[in-house]
Amino acid sequence: MMNSSASFNYTFPLPNGLHARPASFIEETVKSYSDAITITNLRNNKEADTRSVLSMIASDIALNDPVLVEVTGDQAESTLNQFKSFLETEFLACDEPLEVVKDKRQKPLPHMLRDEPLQSLRGVSVSPGLARGIPLVLGEPRLVLNPETLEKADGHEEQARFDQTRQQLQAQLEHQVETSGGEEKAILKAHLSLLGDEKLVSSIAEGINAGSSILSAILTTQEHFTQVLESSRSEYLQERALDIRDLCSKLIVMTYGADSFEKTDTELTTDTVCIAGSLAPSQFLSLDRTRLKGLVLEAGGTTSHTVIVARSFGIPVMVGVEGARTLAAEGAQVIMDANLGLLISNPSEKVARFYDLEQSKQERLNLRRQKYVDQAAVTLDGHLMEVAANIASAEEAEAAFAQGAEGVGLFRTEMLYMDRTEPPCEEEQFETYRKAVTAANGKPVIIRTMDIGGDKPVDYFNIGTEENPFLGYRAVRLYPKYLKLFETQLRAILRASHYGQCKIMVPMVATLAEAKWLREVFNQIVETMKLEGVEHNPDVQLGIMLEVPSCAFIIDQLVRYVDFFSIGSNDLTQYLLAADRGNSKVEHLYDSLNPAFLRLLQHVVSEAHKAGAWVGMCGEFAGNPEHLPILLGLGLDEISLSAPRILEIKEAISQLTLADSKALLEQVLQLETSEAVLEHLQSAVQQQEALPILAEHSIIMNADCRSKGEVIKTLVDNLDINGRVSDVVGAEQAIWEREAISPTMLGFGIAIPHCKSDSIAVNSISIMKLAEPILWNEGDPVMTDTVFMLTVRASEAGSVHMQIFAQLARRIMRGAFRDSLAACTSEQELLEFISSELEL
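For clarity, every value in this text was computed on a predicted model and none was experimentally measured.

(A) Structural detail: the overall build of the protein. From N to C terminus, the protein includes 30 helices and 26 strands. Projected onto its principal axes, the C-alpha coordinates of the protein cover approximately 110 × 75 × 55 Å. Within the span of the protein, comprising 840 residues, buried residues form 53% of the whole. Of the contacts made within the protein by residues no fewer than 6 positions apart, 70% connect residues no fewer than 24 positions apart. On the protein, the mean spot of the 74 positive side-chain charges and the mean spot of the 119 negative ones are 3 Å from each other.

Now the structure itself:
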């Protein structure tokens, strides 16, 4: 048959451009075609071979770029139609939105720092937190080999040596992939993919064949591809140049040894903030993360692999800090405030004390919530609701339990199947599930079977083109065709059940027939394993993820075949309201506070319990503290959410009652709109804040504060720690705005700072007795040793604010009151005295 060609024009649709992930998706797809496909970016006339990821990345295709797609081969027309269909359907769902740094604006400095001379720079925070330590400036590794004078073998030997080196590096990376997890694993896999790229390999090979040494060929290839990437309009693609340099450096070290580069000081001997122009992922991964407290980069990119992996380890990161290396070189100590985007060198005592207070506040918050790590979540009236974690890898399980998880409510297993060319075997899955179940130490782990399809395409499932993949061939609907894969997963989970308590949950069940079929397959597997003598727990529960509305109305029938339900609130909302949450034109309809959705939830929980079945929830709706009264009122047995929020949620549950929550649920079910439901929830939160206006926790004795700024910050932080402000920054700002109007030092060494603000959640009187008196305002005739701070909700300012202020002011004028006040030596004495005087 004669070669022919065909072409069509295309407008590139993905917001992040044609970067590694979508390029890999194209590369995998075109492997099944015998014809050759090239794409040309008509904006810059750069042509790319679709069989090379690097070639496609180098074409610098961005959102809305015009692209010419050309097919050459025996079946050009047919291939073109298939590829065109692929681009218009599956390809659109292959990329995930990058985590966006939403606000690059500089936040205002706290009041205590505004008038303080600072050796500082501002940058963009991409991973929040505070870090203090010595600065260590990291430079780019300098090559000590000279490609001009380096001896080389003849072309064949040099090529053979390169092939061997590449295989060795491939084996090393594969081993590292096996022993790593999370983002680190993803980045190593990306480097592995680059190592196999046809264009990269052929570029080096061509250099060697032309008479160059391996070193020269690698450096020439590195230069070519980094120039191409750095000239891209896309920040994301520019940052991929670091990965090319990193991989080429690994190839050089693998070929010529570690001495190929000048040795640099990367050993961390104490708490350290590392500072660099830019940093390759492998340089970052080589640092001692027990001593690495923060990372500052002068480069401005927020999506480099180094930034992504540092963020995944919870290390504070700032980028775009121009001049950071120079600033750090002059400092013995640095403070990195990644909450504010502030790098301070050689902090003064005043600055250091400010950050002492910041750290103290965070430690108190952590300490206060720490008691919930090993406690069950229980309401004030004794109702238990299990709080579990959502995880996507076995590595996350241990961290989740350390953060107070009472179980794993959702272990997403599809990640095991993605970004690879063949499915995981039973042994690989078993080890993964066993690791998670073992980490649970007897607590339940709900393992969701593979949820492939929809927004999670996997090439070897060959799902094909669908007009609406979310309503199409996905999850349980794939299992009959890929029965062996499903059976393999069931066997692996059942084997893992021998090591702890686990349950099996199947996604996207919509009919009774599917549930019945699942039970039959499950029972067959259990019987087979019994006959084989394979260790497993025969009592493992089989449940479904309730995310299709049809299931809500057949629960009484479903319980004949399944043991439990877990509500997937994201898809259930989407399917009930027929609104794609990723479509900006209809996303306003996607709202889980819609009373119709809440009524459906009530129906589901009621029907499940009536049938004697356990029911939990594992969607985003479960992770919002504002929704807790609804979740409790529904009577859910469990909620599952991201691990970092677990302690906050458990603490919030401990402050609610089941009775009030049930009453609130009944009220919101009668409302007409989501907005009304939200308003009712927020109003209820304020009513629940039945804290007394003065409590022992609002009194601080013998405070070591040395300025008015430290006093106000300490008192406002104390309000925050005790849940009395909704916005700590706004509350402090309101105090200072009032201070700017007129002095609040009333005489006799007593000051009464005060404010009325929407940032106040609970009306409060705070009292501080200072260890040493301070000057409240310049020119005050006496020093201040006692502070009363009044903070009142704006809506109640008229009735509460002036009434208390006037009472206090009148009593301060009385000598007997001041003498009794001075005589109080404990928080309890002070609480009783002031409560009596103000008739609280």
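(B) Molecular detail of the sheet that holds strand E11 (residues 334–337). Read across the sheet, eight strands follow the order E5-E12-E11-E7-E8-E9-E10-E6 without closing on themselves; strand pairing throughout is mixed. Of all the strands in the sheet, just strand E5 (119–122) and strand E6 (124–127) have a single pairing partner and so form its edges. Direction aside, neighbouring strands of the sheet carry axes that sit 30 degrees apart on average. Pairing between E6 and strand E10 (residues 317–319): three bridges, direction antiparallel. Residue Val-124 lies in a different strand from E10, and its bridge partner there is Val-319. Sheet strands touched by helix H14 (residues 349–370): strand E7 (130–138), E11 and strand E12 (342–345). Its angle to E7, the strand with the most contacts, is close to 120 degrees.

(C) Molecular detail of the packing of helix H5 (residues 155–179) against helix H10 (residues 241–256). Closest axis-to-axis distance for the H5/H10 pair is 9 Å, and the angle between their directions is 115 degrees. Classed by the angle they form, the pair H5 and H10 counts as roughly perpendicular. Regarding H5 and H10, the two cross each other, and that crossing is right-handed. Contact residues: Glu-158, Arg-161, Phe-162, Thr-165, Arg-166, Gln-168, Leu-169, Gln-172 and Leu-173 in H5; Leu-247, Lys-250, Leu-251, Met-254, Thr-255 and Tyr-256 in H10.

Reading guide: rules and limits
- Within each chain, residues carry numbers counting from 1 in the order of the written sequence.
- In view of the model being predicted, local features appear only for residues whose pLDDT reaches at least 70, and side-chain atom pairs are presented and counted only at 80 or more, with totals across whole chains, interfaces and linings using the full set of residues.
- Water and hydrogen atoms play no part in the side-chain values, which are based on all heavy atoms of the structure.
- Only DSSP runs of H or I covering at least 4 residues are called helices, and only runs of E covering at least 2 are called strands; the numbering of each starts at the N terminus.
- Under the scheme applied here, a residue whose accessible area is under 20% of the maximum for its type counts as buried, over 50% as exposed, and between as partly exposed, the area being computed with a 1.4 Å probe on protein chains only.
- By definition, residues are in contact when any of their heavy atoms lie within 4.5 Å.
- Residues scored as positive are Lys and Arg, those scored as negative are Asp and Glu, and His as well as the terminal groups of each chain are ignored.
- Here the site of a charge means NZ on Lys, CZ on Arg, CG on Asp, or CD on Glu.
- Strand pairing requires that DSSP identify at least two bridges connecting the strands.
- Lines fitted to the C-alpha atoms define the axes, with helices restricted to the stretch that makes contact. Angles between their N-to-C directions range from 0 to 180 degrees.
- For classification purposes, an angle smaller than 35 degrees is called roughly parallel, one larger than 145 roughly antiparallel, one from 65 to 115 roughly perpendicular, and anything else oblique.
- Crossings are classed by handedness, with left-handed meaning an anticlockwise turn of the near helix from the far one by less than a right angle and right-handed meaning a clockwise turn.

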